[in-house]
Amino acid sequence: MTEPAVPTVDERHAARLGEQLADRLEEGGNLRSPVWRAAVTAVPRHLFVPAFFRRTNGPRGTLWTPVTAERTGTDAWLEEAYTDTTLVTQLDGGIGPTDADGPVPGDPTSSSTLPSLVVRMLGDLDPQDGDQVLEVGTGTGYSTALMCHRLGSEHVTSVEYDPAVAGRARAAIKAAGYEPTLINGDGLLGYGAGAPYDRLIATCSVRTIPPEWLRQVRPGGTILTTLSGWLYGSGLVRLTVGDNGTAEGRFLPGTVSFMIARPQAAPALTSVSELLEQAAHERPARFGPEVLSDWTPQFLAQLAAPGAQYLGMSKDGGPMLDHLVDLAGPSFATLLTDGEGAFAVRQGGTVRLWDAVEDAVETWRRAGSPPQTAFGLTVAPGRQRVWLGDPDGPSWPLPV
Ligand SMILES: C[S@@+](CC[C@H](N)C(=O)[O-])C[C@H]1O[C@@H](n2cnc3c(N)ncnc32)[C@H](O)[C@@H]1O
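Notes on the structure follow. Quick caveat, the model's predicted, so the values are computed rather than measured.

A few words on the pairing of strand S6 (residues 156-160). Burial analysis of S6 places five of its five residues in the buried class, which makes it a mostly covered element. In S6, alternate side chains face the same way, and those of Val156, Ser158 and Glu160 on one face and Thr157 and Val159 on the other are all buried. Summarising the sheet, strand S5 (residues 133-136) and S6 pair through four bridges and their orientation is parallel. Its bridge partner lying in S6, Glu135 is registered against Ser158. Taken together, S5, helix H6 (residues 142-151) and S6 constitute a β-α-β crossover, and its handedness is right-handed. Note: S6 against strand S7 (residues 181-184), four bridges, orientation parallel.

Quick look at the structure:
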């Protein structure tokens with residue numbers, strides 16, 4: 001994409017917008033300390049988002065409209081840059097706002113995250129003076145700059161996978177006056193040369209905690225990351241690192257989700273029609289596809305079937321059917337509606353995917369359907385598991 005230039009703005013107006021953003025974040029309860037307020041008011045967000053996409057949901061699904069000062073006028077662009085909104089800056093791993101003439105479809109692959117979530121997570125991370133912090137997922141560099149303001153650039157290292165995104169972030173962070181260590185590479189490998197770190201924050205999500213993170217964060221240090229997967233279940237977890245590749249911690253409140261770390265993205269579901277035609281066992285379903293769209297049940301479904309992906313597909317022009325497909329098995333489950341609210345499930349392949357999903361959801365219901373804060377994660381070499389209640393409670397292994 002053409003590199004968008006940052007337009008000249010009225011600095012005092014931008015500073016006022018920064019103050020107003022900080023006020024809103026405080027009122028919402030996400031900006032909880034004066035040191036992070038000072039960072040929000042000092043770091044001009046507009047430097048990090050000279051061009052972004054505005055989301056619109058319409059009859060043709062989600063479309064992304066490019067926003068730049070040139071297209072929308074400098075004032076409108078500037079004001080939008082200071083809203084508490086996630087500003088998507090890249091689609092499908094390479095399409096930027098200056099590549100599009102008008103609204104386009106696509107999946108977000110880089111953004112400046114929702115400021116209220118950024119500051120909430122920085123509060124959850126709670127780095128102290130002198131701490132060394134590793135950030136995974138530089139994105140636009142906005143959150144990196146906030147940390148530089150709070151801790152000093154020499155205490156911040158940030159890794160970005162996408163070279164073009166990393167290049168733009170580098171320029172923006174420099175323009176804002178900061179000089180952290182910026183690495184273009186795979187953040188799942190951390191950055192060993194800067195270790196040990198006191199804290200690690202990931203602004204992309206992971207299916208499983210990378211062993212390098214456990215080696216590079218000192219014992220007693222903190223890892224804050226979202227755990228997600230191929231069924232789009234998600235949860236923010238804060239781990240305390242132990243000795244010898246161990247860590248443990250609980251999930252935090254809220255419905256927090258991030259784009260998945262690129263090397264862990266789900267494989268494409270191609271040529272599955274044949275798989276779905278295979279011999280299958282059919283029975284009445286205990287739960288229908290609603291468990292795949294409610295926050296905590298969706299998370300449980302993913303824990304129970306970590307290799308499964310969702311596929312909505314119709315057969316021979318019939319109604320859209322909900323399928324789970326695990327290519328590794330391969331295995332599948334198809335939900336069939338009777339049209340009156342009840343479902344049957346057809347399951348084939350090596351694993352009964354829907355049996356596992358239903359068992360997990362029932363375990364959670366028997367425990368009183370608690371919120372995600374009732375879950376925790378224990379990490380040991382070669383074994384990671386999410387548990388319910390306490391570490392000895394029901395648990396589900398992660399795909400290590
Ligand atoms: C939500 S954005 C980051 C937001 C950013 N912290 C900000 O404030 O602008 C997520 C970023 O993670 C990056 N990413 C994805 N997988 C990664 C990986 N394995 N290592 C490092 N960065 C990764 C994406 O390219 C994307 O830029």
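The environment of the ligand is formed by 27 residues, the closest being Ser110, Thr140, Ser143, Glu160 and Gly187. Here a nitrogen atom of the ligand sits 3.2 Å away from a polar atom, N or O, in the main chain of Tyr161. Secondary structure elements with two or more residues in the shell around the ligand: strand S4 (108-112) and S6. Within the shell around the ligand, the residues separate by chemical class into nine nonpolar, 14 polar and four charged.

Moving on, we come to the environment of Leu214. Looking at the element boundaries, Leu214 is found in helix H8 (residues 211-216). Setting aside chain neighbours within four positions, we find Leu214 in contact with Ile209, Ile223, Val241, Gly245, Thr246, Ala247 and Val379.

Quick look at the side chain of Thr225 now. Residue placement: Thr225 occurs in strand S9 (residues 217-228). When near neighbours in sequence (up to four residues on either side) are disregarded, Thr225 contacts Ala202, Cys204, Val206, Ile209, Trp213, Gly235, Leu236 and Val237.

This next bit is on the packing of aromatic side chains. Counted according to the given criterion, the structure contains four aromatic pairs. For the pair Phe251 and Phe299, a centre-to-centre distance of 5.3 Å together with 70° between the ring planes defines the contact as edge-to-face. Of this pair, Phe251 sits in strand S11 (residues 247-251) while Phe299 sits in helix H10 (residues 295-304); the two residues are 48 residues apart in sequence, bridging distant segments of the chain. Neither Phe251 nor Phe299 differs from the other in exposure class; each is buried. Taken together, a centroid distance of 5.7 Å and an interplanar angle of 90° make the contact between Phe299 and Phe375 edge-to-face.

Turning to unusual backbone geometry, a few remarks are in order. The omega torsion across Ala195 and Pro196 is 0°, close enough to zero to call that bond cis. By secondary structure assignment, the location of Pro196 is in the loop between S7 and strand S8 (197-202). Cis rather than trans, the peptide bond between Gly329 and Pro330 has omega equal to -10°. Positive phi values are uncommon outside glycine, yet Tyr232 reaches one of about 65°. Summarising the element assignment, Tyr232 is placed in the loop between S9 and strand S10 (234-241). Among the residues examined, Tyr232 registers a relative accessible area of 66% and is labelled exposed.

Rules and cut-offs
- Here the residue numbering is sequential within each chain, running from 1 through the sequence in written order.
- Where local features are concerned, this predicted model is filtered to residues with pLDDT of at least 70; where side-chain atom pairs are given and counted, the filter is 80 or more; whole-chain, interface and lining totals use all residues.
- Remark: hydrogens and water are excluded; side-chain values derive from all non-hydrogen atoms of the structure.
- Note on exposure labels: buried denotes an accessible area under 20% of the residue type's maximum, exposed denotes more than 50%, and partly exposed covers the range between, all computed with a 1.4 Å probe on protein chains only.
- Numbered from the N terminus, helices here are DSSP runs of H or I no shorter than four residues, and strands are runs of E no shorter than two.
- Whether two strands pair depends on DSSP finding at least two bridges between them.
- Clockwise travel from the first strand over the helix to the second, with the strands pointing away from the viewer, marks a crossover as right-handed.
- For each residue, the test is whether any non-hydrogen atom lies within 4 Å of the molecule or strand; if one does, the residue is near.
- N or O atoms within 3.5 Å of each other form a polar contact, as long as, within protein, one can give a hydrogen and the other can take it, and as long as residues adjacent in sequence are counted only when both atoms are side-chain atoms.
- Any residue outside Ala, Val, Leu, Ile, Met, Phe, Trp, Tyr, Cys, Pro, Asp, Glu, Lys and Arg is labelled polar, Gly included; the first ten of those are nonpolar and the last four are charged.
- We call two residues in contact whenever any of their non-hydrogen atoms come within 4.5 Å of each other.
- Working definition: rings of Phe, Tyr and Trp (its six-membered ring) pair if their centres are within 6.5 Å, and the pair is stacked with planes under 30 degrees apart, edge-to-face with planes over 60 apart, and tilted otherwise.

What is shown is where atoms sit, not what they do.
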